[in-house]
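# Fold and contact review
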Amino acid sequence: MTDRYPRALRLLHWLMAALILVTLLLGVAMSRVPPGSLMNQLFDLHRSFGLLALGLIILRLWLRFRGPLPPPAPGMTPLQHRVVHAVHLGFYAALVALPVLGWVGSSAYGAPVIFFGLTTLPSLAAENKPLAEGLFSVHVVLGFTLIGLIGAHVAGVIYHQVFLKDGLMRRMWPL
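In short, a report on the structure. (Residues numbered from 1 in each chain as written. Predicted model: local features only at pLDDT ≥ 70, side-chain atom pairs only at ≥ 80, totals over all residues. Heavy atoms only, no water.)

## Points about the nonpolar core
Our working definition: Here the nonpolar core consists of buried residues drawn from Ala, Val, Leu, Ile, Met, Phe, Trp, Tyr and Cys, with membership extended through side-chain atoms lying within 4.5 Å. For every residue, the accessible area (1.4 Å probe, protein chains only) is compared with the maximum for its type, and the residue is labelled buried under 20%, exposed over 50%, or partly exposed between those bounds. The contact criterion used throughout is that any non-hydrogen atoms of two residues lie within 4.5 Å.
Met 16, Ile 57, Leu 95 and Leu 146 are the most contacted members of the largest nonpolar core, which has 26 residues in total. If we ignore the near neighbours within four places in the chain, the residues touching Leu 146 are Ile 20, Phe 91, Ala 94, Leu 95 and Leu 98. Counting residues in each nonpolar core, the second largest holds 5 residues, with Leu 26, Val 33, Met 39 and Leu 42 among its members.

Here is the structure:
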């Protein structure tokens, strides 16, 4: 058994990191422009990247549970293991829930969900603006929760790299 994650999981990790960053930035940008064609394009891109992330997180979960995975990082306390586990569970939950909430919310709003201009996905809810507003509120809160989880994750990586100097980042480094 190796101390590194399988190559496919490492590559998906970094691809998803970039994808999530782009999706979050699009989410912020689309809320800062006036209604019109630019806003609509930003919404379409945000939805498309979010759905792409949903597909990739499903693939990542499948690969992760197929195993084998490296053993837990040596030298971590049981509390640290629980925190890491909680952050990872939070990531997986948010990365599945966010695009689903966005898709159902868009459907309830009456907005088509067009995947990169290639196909219009089926509506998942009848038009219901109050439902859409509630779903979008949860979507936004969960988006900020994801940002917090990313911050905790990055802080942990920095702690290991700068203070512990234990080479833990090598486990997920793509090369």
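After presenting the structure, the write-up continues.
## Observations regarding the side chain of His 139
The cut-off we apply is this: The helix count covers DSSP runs of H or I at least four residues long, the strand count covers runs of E at least two residues long, and both are numbered beginning at the N terminus.
In this structure, His 139 sits in helix H4 (residues 129-164). With a relative accessible area of 17%, His 139 lands in the buried category. Ignoring any residue separated from it by four or fewer positions in sequence, one finds His 139 in contact with His 46, Leu 98, Leu 101 and Gly 102.

## A word on the packing of helix H1 (residues 7-30) against helix H2 (residues 37-66)
Put simply, the rule reads: Angles here are taken between N-to-C directions and fall from 0 to 180 degrees, while the axes themselves are lines fitted to C-alpha atoms, restricted in helices to the stretch in contact. In these notes the angle categories are as follows: under 35 degrees is roughly parallel, over 145 is roughly antiparallel, 65 to 115 is roughly perpendicular, and the rest is oblique. The crossing is said to be left-handed when, going from far helix to near helix, the turn is anticlockwise and less than a right angle, and right-handed when the turn is clockwise. In this classification, the charged set is Asp, Glu, Lys and Arg, the nonpolar set is Ala, Val, Leu, Ile, Met, Phe, Trp, Tyr, Cys and Pro, and all remaining amino acids, among them Gly, are polar.
Two numbers describe how H1 lies on H2: the axes approach to 9 Å, and their chain directions differ by 155°. Here H1 lies roughly antiparallel to H2, going by the angle between them. For H1 against H2, the interelement crossing comes out left-handed. Here the contact of H1 with H2 is built from residues that sort into 21 nonpolar, 5 polar and 2 charged.

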